[in-house]
Amino acid sequence: LAASIISDTDINPNRSNPVREKIAETAQPEAIGRGASLLELMQKLPLEATFPDSQGSAERAATEKAVFKRIHSAIEICVKKQGEIRYTRREKFDKTLDNLIDLRDRFSQRAYLYNADIRGPEDYLLGFYSHERYGLAIDFMQWVEGRHLPDLALGDRLIAQYMLRLCIPGKGLITEREDPETVYYEILSDVFGKDEIIVLKEDSREFVFCLGALKPLGVMAEPFSPLRGVPVILSILGSIWNAQKSGSSTNMNKILKTVHSVQPSDLRKIIDILLQNNFIHVTANGDLSVSRDLYSQTLFDLYAIMPQGLSGDENGSLISGGNSVHLKTISRGVSECLKSSMDMSIATLLEDNNQEQL
């Protein structure tokens, strides 16, 4: 994950230095994010978290209390590790801990609770320090905690790491010659260890991916699809099967590169469906492999497990092992069969239903 708002990957290289400086002044390097959602910190904060009107005040109070306890827990973890901080990093660590304590002591003025702003794989905001407020993504913290259950202690340390990361001061502490990423890593590794830094980075990437790495730009009605995503699930299953037959391995990243008609969010759903129904399994190496004899499985077996709403090239063709399998004819036949079976007026159905209820 990008760590600094003033990194080259986050800001167009053609921007002038004054613009860079203005952004750095308003949204300091403590922000965790990339892209437009990160740059908008220069002008405004993201939308604050809202709660249902019926129990909004109670839920907000409970959430704030839970976050406050997390901050206090993070301070306790850091204090216990204070004696293990290397001498060369002691000053930076002490200032970071002071910021964390300030966040606790001035919670109502400093804490800004919001839901993570995720617009794409390179456009997200998971936390920040800006306008003298610490932006804490409550959905991200809840997700990290749930992801590592029942290991509550690990969840506590990861969330503490996330909070400490946001409290590392950029101004007046990190010099121009120092790489901010290196400074962050050194301080956090002294407290939490290298392995848990990797775990939180992986959690962050997975969180961005799961919440819609490629969100649609607008809400559009899906066209009627009689095969309910069968073409795209066949493409994915075929990619796994072909890799297995050739003696090579495959995973989700490789599938995304070969099956261009599927979005990452849909791929995750399809992989989960295939795993739950024992069509595929995960190998000891973390790769995907076919579990069933596909010669004994019918297209209907696949169709029966498919939920509504999966996208893909419904009218395209599937290339499997060099053989072109066109689904247009099957799709047309299914449509005609459904049309014939459903050739009854809605009013008649409603009238029959009313009679049954009498």
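Anything mentioned here points back to the structure above.
Residues numbered from 1 in each chain as written. Predicted model: local features only at pLDDT ≥ 70, side-chain atom pairs only at ≥ 80, totals over all residues. Heavy atoms only, no water.

Visitor: Got a sec to walk through the overall build of the protein? Specific residues and values, please.
Guide: What the protein contains, in helices and strands, is 15 helices and 9 strands. Considering the protein as a whole, with its 358 residues, one finds that 42% of them fall into the buried category. For the protein, the proportion of contacts with a sequence separation of at least 24, taken over those separated by at least 6, is 69%. Working note: accessible area of the protein is about 20,300 Å², and carbon and sulfur atoms make up 52% of it. (Helix = DSSP H or I, 4+ residues; strand = E, 2+ residues; numbered from the N terminus. Buried < 20%, exposed > 50% of the residue type's maximum accessible area, 1.4 Å probe, protein only. Contact = heavy atoms within 4.5 Å. Areas by Shrake-Rupley, 256 points an atom, 1.4 Å probe, with all protein chains shown as cover.)

Visitor: Report on the state of the cysteines, specifying residues and quantitative values.
Guide: Per the stated rule, a full pass over the model turns up 0 disulfides. With no disulfide partner, Cys78 has as its closest neighbouring cysteine sulfur the one in Cys167, 8.8 Å distant. Assessed through its relative accessible area of 0%, Cys78 is described here as buried. (Disulfide = S-S within 2.5 Å.)

Visitor: Could you give an account of the nonpolar core, with specific residues and numbers?
Guide: Counting residues in each nonpolar core, the largest one holds 56 residues, and the members touching the most others are Val67, Ile71, Leu100, Leu136, Tyr162 and Met163. Top contributing element to this core by residue count: helix α7 (residues 152-167), with 9 residues. Ignoring any residue separated from it by four or fewer positions in sequence, one finds Leu136 in contact with Val67, Ile71, Tyr112, Leu113, Tyr114, Met141, Tyr162, Met163 and Leu166. Counting residues in each nonpolar core, the second largest holds 25 residues, with Val232, Ile273, Ile280 and Val290 among its members. (Core = buried A, V, L, I, M, F, W, Y, C linked by side-chain atoms within 4.5 Å.)

Visitor: Any details on the pattern of salt bridges? Residues and values, ideally.
Guide: What the rule picks out here adds up to 15 salt bridges. Across the pair Asp190 and Arg89 runs a salt bridge, and its minimum N-O distance is 3.0 Å. With Asp190 in helix α8 (residues 180-192) and Arg89 in the loop between α3 (56-81) and α4 (90-105), this pair connects stretches of sequence that are 101 residues apart. For the pair Asp190 and Arg89, one class covers both residues: buried. Between Asp102 and Arg106 there is a salt bridge, with its nearest N and O atoms 3.7 Å apart. Ionic contacts of the salt-bridge type, sharing partners, join the residues Asp102, Arg106, Arg110 and Glu132 into one network. (Salt bridge = Lys/Arg side-chain N within 4 Å of Asp/Glu carboxyl O.)

Visitor: For the packing of helix α6 (residues 138-147) against α7, give the residues involved together with the corresponding values.
Guide: Where α6 meets α7, the axes come as close as 9 Å, and the angle between the chain directions of the two elements is 150 degrees. As summarised for this structure, α6 and α7 are arranged roughly antiparallel, according to the angle between their axes. Of the two elements, α6 crosses α7, and the hand of that crossing is right-handed. Two secondary-structure elements touch here, α6 through Phe140, Met141, Val144 and Glu145 and α7 through Leu158, Ile159, Tyr162 and Met163. Residue classes in the contact of α6 with α7 are distributed as 7 nonpolar, no polar and 1 charged. (Axes fitted to C-alpha atoms, helices over the stretch in contact; angles between N-to-C directions. Parallel < 35°, antiparallel > 145°, perpendicular 65-115°, else oblique. Left-handed = near helix turned anticlockwise from the far one by under 90°. Nonpolar A, V, L, I, M, F, W, Y, C, P; charged D, E, K, R; others polar.)

Visitor: Quick rundown of the side chain of Arg110? Include the residues and the values.
Guide: Within the secondary structure layout, Arg110 lies in helix α5 (residues 107-110). At 3.0 Å, the side chain of Arg110 forms a polar contact with the backbone oxygen of Glu132. Here Arg110 is in contact with Asp102, Leu103, Tyr129, Glu132, Arg133 and Tyr134, once residues within four sequence places are set aside. (Polar contact = N/O pair within 3.5 Å; in protein donor to acceptor, adjacent residues only side chain to side chain.)

Visitor: So, the environment of Phe192: which residues are in play, and what are the values?
Guide: Mapping Phe192 onto the fold places it in helix α8. Along the primary structure Phe192 and Arg157 are separated by 35 residues, whereas in three dimensions their C-alpha atoms are 7.4 Å apart. Residues contacting Phe192, with those up to four places away along its chain left out, are Ile77, Arg157, Ala160, Gln161 and Leu164.

Visitor: Before we move on, can you summarise the packing of aromatic side chains with the specific residues and values?
Guide: Counted according to the given criterion, the structure contains 9 aromatic pairs. Ring centres of Tyr114 and Phe128 lie 5.3 Å apart, and the angle between their planes is 50 degrees; this geometry places the pair in the tilted category. One end of the pair, Tyr114, is in strand β2 (residues 111-114); the other, Phe128, is in strand β4 (residues 123-130), and 14 residues separate them in sequence. Pair check on accessibility: Tyr114 and Phe128 agree, each one buried. Aromatic pair Trp241 and Tyr295: ring centres 5.9 Å apart, planes at 75 degrees, arrangement edge-to-face. Separated by 54 residues along the polypeptide, Trp241 in helix α10 (residues 230-245) and Tyr295 in the loop between β7 (288-290) and α13 (299-304) bring together distant segments of the chain. For Tyr295, a relative accessible area of 72% translates into the label exposed. (Phe/Tyr/Trp six-rings, centres within 6.5 Å; stacked < 30°, edge-to-face > 60°.)

Visitor: Explain the packing of α4 against α8 to me, using residue names and the numbers behind them.
Guide: Where α4 meets α8, the axes come as close as 10 Å, and the angle between the chain directions of the two elements is 80 degrees. Looking at the two axes, α4 sits roughly perpendicular to α8. Packed against α4, whose contacting residues are Lys92, Phe93 and Thr96, the element α8 presents Val183, Ile187 and Val191 at the interface. When the residues that make up the contact of α4 with α8 are grouped by side-chain class, the tally is 4 nonpolar, 1 polar and 1 charged.

Visitor: Can you break down the pairing of strand β5 (residues 133-137) residue by residue, with the values?
Guide: Successive side chains on a regular strand alternate, one facing one side of the sheet and the next facing the other. For β5, the buried fraction is high: 4 of the 5 residues fall into the buried class. In this structure, the hairpin formed by β4 and β5 is closed by a connection of 2 residues, where His131 is found at a positive phi of approximately 55 degrees. (Pairing = 2+ DSSP bridges.)

Visitor: For the pairing of β4, give the residues involved together with the corresponding values.
Guide: Counting buried positions along β4 gives 8 out of 8 residues, so the element sits mostly inside the fold. Summarising the sheet, strand β3 (residues 117-120) and β4 pair through 3 bridges and their orientation is antiparallel. Paired with Ile118 across the bridge in β4 is Tyr124. Here β3 hands over to β4 after 2 residues, the two strands then running antiparallel side by side. Both β4 and β5 contribute to a ladder of 4 bridges, which runs antiparallel. Across the sheet, the residue bridging to Ser130 is Arg133, located in β5.

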